[in-house]
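# Breakdown of the fold
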Amino acid sequence: MTAPTGTGTRASTVYDRRLEALAEAALRFRDQVPTIEAWGGRLARVLRGGGRLLACGNGGSAAEAQHLTAELVGRFESERCPLSAIPLHGDTSSVTAIGNDYGPVTVFERQVQAHGRPGDVLVCLSTSGRSANVVAAARRARRLGLTAWAVTGPGPNPLADACDDAITVPAGITSTVQEIHLAAIHLLCGAVDEALGVT
């Protein structure tokens, strides 16, 4: 079936605008690369020393958190030893039990308390930077001596304020923020591998 005249052109214009917004956001994001490099070096030292990475987020950000941990436990682009990384939403029995017994705001912070050790790293992902359960996890992590990093949409926001350091994406569309978050995750994995001497 042929689309009505002009529909394809209007749709293409919408898609063009989305791609242009993504390209502009990616170019602006280059300013965050030094932070990602520093995080990669720090995380490599933690993981090489027997520490672990914890990661959390909701919805699409949960998928990004699990993408990050999968790249570390498996491999990114080159062979290396597996690295300890846990996505806190991945244990559905714990998430649902904690949410039922203690409330949804506690689902990540209770796991941070269980799994986190001083010196470990928590990566918190949120497109809004206002996810109450992720903010609670960051605050718990810092009280326990973990380093907490935020990867969010536009700042300032409560999650960035709750963490030791933050990468913010100044984009107005949630999907664009998520796409830049994926790029940030891949850059971080590359920085970790570089710091570990993986070739």
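Attention here is on the structure that accompanies the text. Model, not experiment: these values are computed from the prediction.

### Quick notes on the overall build of the chain
Tallying secondary structure elements over the chain gives eight helices and five strands in all. Each helix and strand of the chain, ordered N terminal to C terminal, gives the series α-α-β-α-β-α-α-β-α-β-α-β-α. Relative to the compact-globule value of 16 Å for 199 residues, the chain shows a C-alpha radius of gyration of 18 Å, a close match. Across its three principal axes, the chain shows a C-alpha extent of roughly 60 × 45 × 35 Å.

### Thoughts on empty space enclosed by the protein
Across all of its chains, the model carries one cavity of 30 Å³ or more by this definition. For the largest cavity, the calculated volume is near 60 Å³. If you list the elements that add at least two residues to the lining of the largest cavity, you get α2 (33–48) and α8 (174–196). Of all the elements, α8 adds the most residues to the lining of the largest cavity, at three residues. Looking at the lining of the largest cavity residue by residue, the class counts come to nine nonpolar, no polar and no charged.

### Remarks on the packing of aromatic side chains
Inspection of every chain in the model, using the stated rule, returns one aromatic pair. Note on W39 and W149: the rings are 4.6 Å apart at their centroids and 5 degrees apart in plane angle, and the pair reads as stacked. One end of the pair, W39, is in helix α2; the other, W149, is in strand β4 (residues 147–152), with 110 residues separating them in the sequence. Assigned by exposure class, W39 and W149 land together as buried.

Criteria and cut-off values
- Each chain has its residues counted from 1, following the order in which its sequence is written.
- For this predicted model, a pLDDT threshold of at least 70 governs which residues receive local features, and a threshold of 80 or more governs which side-chain atom pairs are given and counted, while totals over whole chains, interfaces and linings are taken from all residues.
- The basis for every side-chain value is the complete set of non-hydrogen atoms in the structure, without hydrogens or water.
- Each helix is a run of DSSP H or I of at least 4 residues and each strand a run of E of at least 2, with the numbering of both proceeding from the N terminus.
- Atoms counted for the radius of gyration: C-alpha only. Globule rule: 2.2 Å times residue count to the power 0.38.
- Here a cavity denotes grid points, spaced 1 Å and computed from the protein atoms alone, that fit a 1.4 Å probe unable to get out, and a pocket denotes an open set having protein on both sides within 12 Å along at least 5 of 7 lines; residues with an atom within 4 Å of a point are the lining.
- Grid points are joined across faces, edges and corners, and a volume is the space filled by probe spheres set on the points.
- By the convention adopted, Pro, Cys, Tyr, Trp, Phe, Met, Ile, Leu, Val and Ala count as nonpolar, Lys, Arg, Asp and Glu as charged, and the other residues, Gly among them, as polar.
- Geometry of aromatic contacts follows a simple scheme: Phe, Tyr and Trp rings, the Trp one being its six-membered ring, pair when their centres are within 6.5 Å, and the pair is stacked under 30 degrees between planes, edge-to-face over 60, tilted otherwise.
- Accessibility here uses a 1.4 Å probe with only protein chains present; expressed as a share of the type maximum, an area under 20% marks a residue as buried, one over 50% as exposed, and anything in between as partly exposed.

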